[in-house]
Amino acid sequence: MYRSHNCGALRATDINKTVTLSGWVQKSRDKGFIIWTDLRDRYGVTQLIFDTERTEAKVIELAKTLGREFVIQVTGKVIERESKNTKIPTGEIEVLVAQLEVLNEAKLPPFTIEDDTDGGEDIRMKYRYLDIRRNPVKESLIFRSKVANEVRNYLADQEFIEVETPYLIKSTPEGARDFVVPSRMNEGEFYALPQSPQTFKQLLMVGGMDKYFQIVKCFRDEDLRADRQPEFTQIDCEMAFVEQEDILNIFEGLTKHLLKKLHNFEIENFPRMTFDHAMKTYGNDKPDIRFGMEFGELNTVAQHKDFKVFNSAELVVGIAVPNGASYTRKEIDKLIDWVKRPQVGALGMVYVKCNEDGTFKSSVDKFYDQEDLKNWAAATGAKAGDLICVLSGSTNKVRAQLSALRMELAERLGLRKPNEFAPLWVIDFPLLELDEETGHYHAMHHPFTSPKPGQLELLDTDPGAVKANAYDLVLNGNEIGGGSIRIHDKEIQATMFKHLGFTPEEAETQFGFLMDAFQYGAPPHGGLAFGLDRLVAILGGQETIRDFIAFPKNNSGRDVMIDAPAALDNEQLSELNIKLDIQ
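Residues numbered from 1 in each chain as written. Predicted model: local features only at pLDDT ≥ 70, side-chain atom pairs only at ≥ 80, totals over all residues. Heavy atoms only, no water.

Caption draft 1: Broad picture of the overall build of the protein chain. Scanning the protein chain for helices and strands turns up 17 helices and 22 strands. Over its C-alpha atoms, taken along the principal directions, the protein chain stretches across nearly 90 × 75 × 55 Å. Taken over 583 residues, the protein chain has a buried fraction of 48%. Intrachain contacts of the protein chain at a sequence separation of at least 6 include 66% that bridge at least 24 residues. (Helix = DSSP H or I, 4+ residues; strand = E, 2+ residues; numbered from the N terminus. Buried < 20%, exposed > 50% of the residue type's maximum accessible area, 1.4 Å probe, protein only. Contact = heavy atoms within 4.5 Å.)

Caption draft 2: View of helix α1 (residues 57-64). Within α1 the residues assigned to the buried category are Val-59, Ile-60 and Ala-63. The arc that holds the buried residues of α1, viewed along the axis, is 100°, so those residues lie on one side. Looking at α1, the residues exposed on the side facing more than 90 degrees away from the buried face are Ala-57 and Lys-58. Buried residues in α1 make contact with β2 (34-41), β3 (44-51) and β5 (93-104). (Arc of directions from axis to C-beta.)

Caption draft 3: Quick peek at the environment of Asp-122. Relative to the elements of secondary structure, Asp-122 occurs in helix α2 (residues 121-126). Taking the C-alpha atoms as reference points, Asp-122 and Gly-292, 170 residues apart in sequence, are found 37 Å from one another.

Caption draft 4: Molecular detail of helix α6 (residues 244-263). With 20 residues, α6 ought to run about 28 Å at 1.5 Å a step, and its terminal C-alpha atoms sit 28 Å apart, in line with that. Downstream of α6 by one or two residues, Asn-264 has phi in the positive range, about 50°. (Expected span 1.5 Å × (residues − 1).)

Caption draft 5: Region of interest: the pairing of β5. Both β3 and β5 contribute to a ladder of two bridges, which runs parallel. Following the sheet pairing, Ile-49 is matched in β5 by Leu-96. With ten bridges joining them, strand β4 (residues 71-80) and β5 adopt antiparallel strand pairing. The partner of Ile-79 across the bridge, within β5, is Glu-94. (Pairing = 2+ DSSP bridges.)

Caption draft 6: Region of interest: the pairing of strand β21 (residues 478-485). Along β21, seven of the eight residues are buried, which leaves the element largely enclosed by surrounding structure. Relative to β21, strand β20 (residues 470-475) is paired through six bridges, and the arrangement is antiparallel. Each residue of the ladder has a partner; that of Asp-472, found in β21, is Gly-482. Remark: two residues form the turn of the hairpin made by β20 and β21, two consecutive strands paired antiparallel; Asn-476 in that turn has positive phi of roughly 55°.

Caption draft 7: A look at the sheet that holds β4. If you walk around this closed barrel you meet the five strands as β1-β2-β3-β5-β4, and the pairing is mixed. Geometrically, the sheet is characterised by an average inter-axis angle of 55° between neighbouring strands, direction not taken into account. Here strand β1 (residues 18-30) runs beside β2; their pairing, made up of six bridges, is antiparallel. From the neighbouring strand, Val-25 faces β2, where its bridge partner is Leu-39. Lying over the sheet, α1 contacts β1, β2, β3 and β5, oriented at roughly 70° with respect to β5. (Axes fitted to C-alpha atoms, helices over the stretch in contact; angles between N-to-C directions.)

Caption draft 8: Broad picture of the sheet that holds strand β6 (residues 161-162). As summarised here, the arrangement of the eight strands in space is β6-β9-β10-β22-β21-β20-β17-β11, forming an open sheet in which the pairing is mixed. At either end of the open sheet lies a strand with only one pairing partner, and these are β6 and β11 (272-274). Strand direction decides the pairing type here: strand β17 (residues 423-427) and β20, joined by five bridges, are antiparallel. Each bridged residue has a counterpart across the sheet, and for Val-426 the counterpart in β20 is Asp-472. Relative to the sheet, helix α5 (residues 198-206) contacts β9 (211-219), β10 (231-240) and β22 (525-531), its axis offset from that of β10 by approximately 25°.

Caption draft 9: Focus on the packing of helix α10 (residues 329-339) against helix α12 (residues 395-412). At a minimum axis separation of 11 Å, α10 and α12 run at an interaxial angle of 135°. Taken together, the axis directions place α10 and α12 in an arrangement best described as oblique. Between α10 and α12 the crossing geometry is right-handed. Contacts from Leu-335, Trp-338 and Val-339 of α10 reach α12 at Ala-404, Leu-405, Glu-408, Leu-409 and Arg-412. (Parallel < 35°, antiparallel > 145°, perpendicular 65-115°, else oblique. Left-handed = near helix turned anticlockwise from the far one by under 90°.)

Caption draft 10: Main features of the side chain of Asp-51. Mapping Asp-51 onto the fold places it in strand β3. When its relative accessible area of 9% is taken as the criterion, Asp-51 is described as buried. Separated by 2.8 Å, the side chains of Asp-51 and Arg-54 make a polar contact. With sequence-adjacent residues up to four places away left out, Asp-51 is seen in contact with Phe-33, Ile-34, Ile-60 and Leu-96. (Polar contact = N/O pair within 3.5 Å; in protein donor to acceptor, adjacent residues only side chain to side chain.)

Caption draft 11: Layout of the environment of Ile-132. By the element assignment, Ile-132 lies in the loop between α3 (128-131) and α4 (135-157). Overall, Ile-132 belongs to the partly exposed group, its relative accessible area being 22%. Linking Ile-132 and Phe-551, residues 419 residues apart in sequence, is a C-alpha distance of 9.3 Å. Those residues within four positions of Ile-132 in sequence are excluded, and the remaining contacts are Val-137, Lys-138, Leu-141, Ala-550 and Phe-551.

Caption draft 12: Expanded view of unusual backbone geometry. Residue Pro-565 is bonded to the preceding Ala-564 through a cis peptide linkage, with omega at 5°. By the secondary structure assignment, Pro-565 is in the loop between α16 (532-539) and α17 (570-575). A positive phi angle, close to 70°, is found at Glu-69, a residue other than glycine. Along the chain, the position of Glu-69 falls in the loop between α1 and β4. Here Asp-210, not a glycine, exhibits a phi torsion of approximately 75°, which is positive.

Caption draft 13: Structural detail: the packing of α5 against helix α15 (residues 504-518). At a minimum axis separation of 10 Å, α5 and α15 run at an interaxial angle of 20°. Considered as vectors, α5 and α15 are oriented roughly parallel to each other. Where α5 crosses over α15, the handedness of that crossing is left-handed. Along the contact surface, α5 presents Thr-199, Gln-202, Leu-203 and Val-206, while α15 presents Phe-513, Leu-514, Ala-517 and Phe-518. Residues that form the contact of α5 with α15 fall into these classes: six nonpolar, two polar and no charged. (Nonpolar A, V, L, I, M, F, W, Y, C, P; charged D, E, K, R; others polar.)

Rendered as C-alpha cells:
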C-alpha cells in the first residue's frame, strides 16, 4: 500500500495515528538538527518532520538528499504542529517520519511548481505535465470534470440518451476547413474529422432516438485565439418533436442546474433579445448585460452641423462611460490611441465630458453647442459626471469598434465581475449572410437550419430578410451554446441547398444520405450544442480556455510538448499513396 491517506486528508483528530503518505516533494527546509519537507499530491500538502532526536540517522541522511519533485513514500506518526499554518487544511498537524523511501528521483524542474510560478507560457506548455501539478491548472481540470458530470446528470434526468458518433466522416464544403485523414485502403480518398456531429444527430432523430446527447471532440482547421483550439469539445444535443421554446426551456434548466450546483448561484430570468436589437444596442450578437453602456445612435442629433466626419458617416453612435468625466486629457488620448489600433481600426474618437454643473465640454465644441451636446447625453443615457465616447463610419464596422471599446472600458472599470452571471438568449438571426467579396449568400449557422415559420417564400424574393429559427445562449458576453430547429423536409432542404449555390448533383453528392433519410419519416427536430471548453472557463471565472484543457495547442496549432504536427517518413507516406512535392 503506497498510502493510507492522501496529503490533504489529515487533521487534528488524526493525532497519534500511524499513517503512510506518498507524493511529490514541494520543498525542504534543512536546519541541521531538523528537516521539514512539504509533501504534495492532488489533494493537498502535508508537512513532514525529520528530527535527529526522534528519527533514525539513516532516514535523516536520506531526507537530506531529497530534491524538489522527488517522488517519495513515508510512514510515520501524526503529531501536533508547533507553528500552525491556518492557510492550509492540514496546517494543525505534521507527520514525524519513521520510514522514508524514494520512489523516483527527479531533475530540477524548469519552473517552480507553485501557484505563482516563474515559468512563462511557452515553457509551461512544453512541460505541460509539470504545469498540471500546479494548483491553478489542476483545479481547472478538476472543475471541468465536475461540470461534465453535472451535465450528464441533468441530461440523464431529462431522459437524454448518450450516443457516440463517428470521428472518420466525409468532408463537406460548409463551415471552416476540415482536417483530413488519408485512407490507406482506399487510394486517393480521404476521411474528414468532424467539425460537429450535425448530420449524425439528425439521423439519430430519424432513427427515433428522440433525445440524444454526446460530450464529443470536434475539429476545425482555422486560425486560433485565446478561446479557440483546433480540437475542442461540445455538449451536443438533439431532440425530436420539439419547437424552439421546448429547447430553450430544457437548456435554461441545464444552465440553472450548473450555476446552482457549482456556485450556489440562482437565476430566474433568461432575457430574450433579437439579433437586430443586440447589434443595434451592443454592437455584437453576444452582449455582456452585466453592465450598461448601451449604444445611443446619434445620426439625428449630430448630422445637422458642418462636421463633415459625422455628416459623411453611415452611423454615428456613442456610449456613456460612468464617471468618465474625471478622465484627464492624457487618459482620453490613450483611449483614442486604443481605438485606432489595427485590432480595432477606428480612425478617431469624439468625446464629451458631462460636467457636474450640467454643462458639457467636447472635442468638437467648434461645431456643436450646449443644446446639441445635451441631446447627445439624452440619446446615450449619460448623466452628470459621465464621459460620452462617439465613433462614426460604416454601420457594421463602427458597431464592432464601439463594442470593443465598451468591453475594454468595462474591464478597466471592474464591471465584468467573474462571480456574477447574466445569461440571455439571442434569437431571430438572419438565415443567410451575404459574402461581400463573392456576392453569394452562405448559411449563418449551417445549411440545415430552418427558416422561421412563414418566411420560406422570402428566399426567392429577399433572401437577406429571412430570419432563422435559431438561437444562441450567451453568458457574460460569450456565446456558450447555439442551435436551431432543423429542416426535416427533403424538398425544403433541397430549396435551401439551391439558394446556397449547390447544384442538385452537388447536393446529392455531399448530402444525399441525409436527403434519403428524410424520405423515411423524419420527425420535426432541433437541438443545441454547448462549447464545453468555453462554458467551463466562464463558469470558472475566466475567458481563456487553455487552462481548462489538459494538453492544449498553442496559437500556431502546435503541441510543443510532443512536437506535433510532425512529418511522416517516406514509408508511411508510400503506404498512404501520398507524394510530397515540397520545393
